[in-house]
Amino acid sequence: MTTTTSTSTNSVVDLVTHLAQEHLSRWQHGYLNDDAKAVGALARLRRGAGKPAGQLPDLWDLIDTQPLHTARRNGRPLSENELARAEDALHASLTLWALHQQSRGTGMHQTHRRERPRGLGAAVHRLMPANDIDDSLRKRLVRAGNAPDLTALAQRLRDIVTLLRREDIPLDYALLAGQLYQWQWPGGADRVRIAWGRSFHAWQDHRDRGTQQDNPADAPSAATDKDTL
């Protein structure tokens, strides 16, 4: 696979988000079009959901992180900490997407836009009844944000993703990848929690503006059993 990224990027968050978007776009398009390689990749990826990247050598040749090793930040290569945290964030996000996408007939990765919120907070809010707050769901989001490390966070997000999958509620997994990278740095968890809180309220704003109906192209279609491996 050839991935094109700028070697002068000033933000590793942006680089991680961009790489995740490239992987997700390719795999999701292939999966929805019954491409055998994409279906196989998803089957492999979803087995890694909620697990540390180092436990799954089978995925090392599947998630292409080469652009991370050639990128330059302020004229220098990424540090070992930057590389490790970027790779772990990509692994967590892409494997969670694979779990979410399994047997779904439409793309569960959808890009966040202001007029169509697709952040984690908005996705959790969509699980709740209109004009009501489900405290158990809210606590799941809070508990995820308070995870002690990335492995625990991925495991808690796995539980949330399972609920989203059941209700065919999409999520921006490229955005999530960048947030998972940021979350691993000192002070990063606080910033990510704030972003998730804003996203949670963005969905209510979306409803209040009378735009809660998604684009018809986003409507879920019948589930498929092509990858019930």
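Refer to the structure above for everything that follows.
Reading the values: the criteria
Residues numbered from 1 in each chain as written. Predicted model: local features only at pLDDT ≥ 70, side-chain atom pairs only at ≥ 80, totals over all residues. Heavy atoms only, no water. Buried < 20%, exposed > 50% of the residue type's maximum accessible area, 1.4 Å probe, protein only. Helix = DSSP H or I, 4+ residues; strand = E, 2+ residues; numbered from the N terminus. Contact = heavy atoms within 4.5 Å. Polar contact = N/O pair within 3.5 Å; in protein donor to acceptor, adjacent residues only side chain to side chain. Salt bridge = Lys/Arg side-chain N within 4 Å of Asp/Glu carboxyl O.

(A) Region of the structure containing helix α2 (residues 36-46). Among all positions in α2, only A38, V39, A41, L42, A43, L45 and R46 are buried. Buried residues in α2 make contact with α1 (12-32) and α4 (80-101). Sitting at the amino-terminal end of α2 is D35, which places a side-chain oxygen 3.2 Å from the backbone nitrogen of K37.

(B) Spatial organisation of the side chain of Q28. Relative to the helices and strands, Q28 resides in helix α1. Residue Q28 is classed as buried on the basis of its relative accessible area of 10%. Separated by 3.2 Å, the side chain of Q28 and the backbone nitrogen of M108 make a polar contact. At a separation of 2.9 Å, a polar atom in the side chain of Q28 contacts the main-chain amide nitrogen of H109. Leaving out residues up to four positions away in the same chain, Q28 has contacts with W97, Q101, G107, M108 and H109.

(C) Seen up close, the environment of P67. Following the sequence through the fold, P67 ends up in helix α3 (residues 66-70). With 52 residues separating them along the chain, P67 and L15 place their C-alpha atoms 8.7 Å apart.

(D) Spatial organisation of unusual backbone geometry. Positive phi outside glycine occurs at D34, with the angle close to 60°. Within the secondary structure, D34 is located in the loop between α1 and α2. A positive phi angle, close to 55°, is found at D168, a residue other than glycine.

(E) Structural context of the pattern of salt bridges. Taken as a whole and judged by the stated rule, the model has nine salt bridges. Between D61 and R44 there is a salt bridge; the shortest N-O distance is 2.8 Å. Separated by 17 residues along the polypeptide, D61 in the loop between α2 and α3 and R44 in helix α2 bring together distant segments of the chain. For E167, the salt bridge is made with R166, and the minimal N-O distance between the two is 3.5 Å.

(F) Looking closely at the environment of V39. In this fold, V39 is placed in helix α2. What makes V39 buried here is its relative accessible area of 12%. In this structure, the C-alpha to C-alpha distance between V39 and Q28, residues eleven residues apart in sequence, is 9.0 Å.

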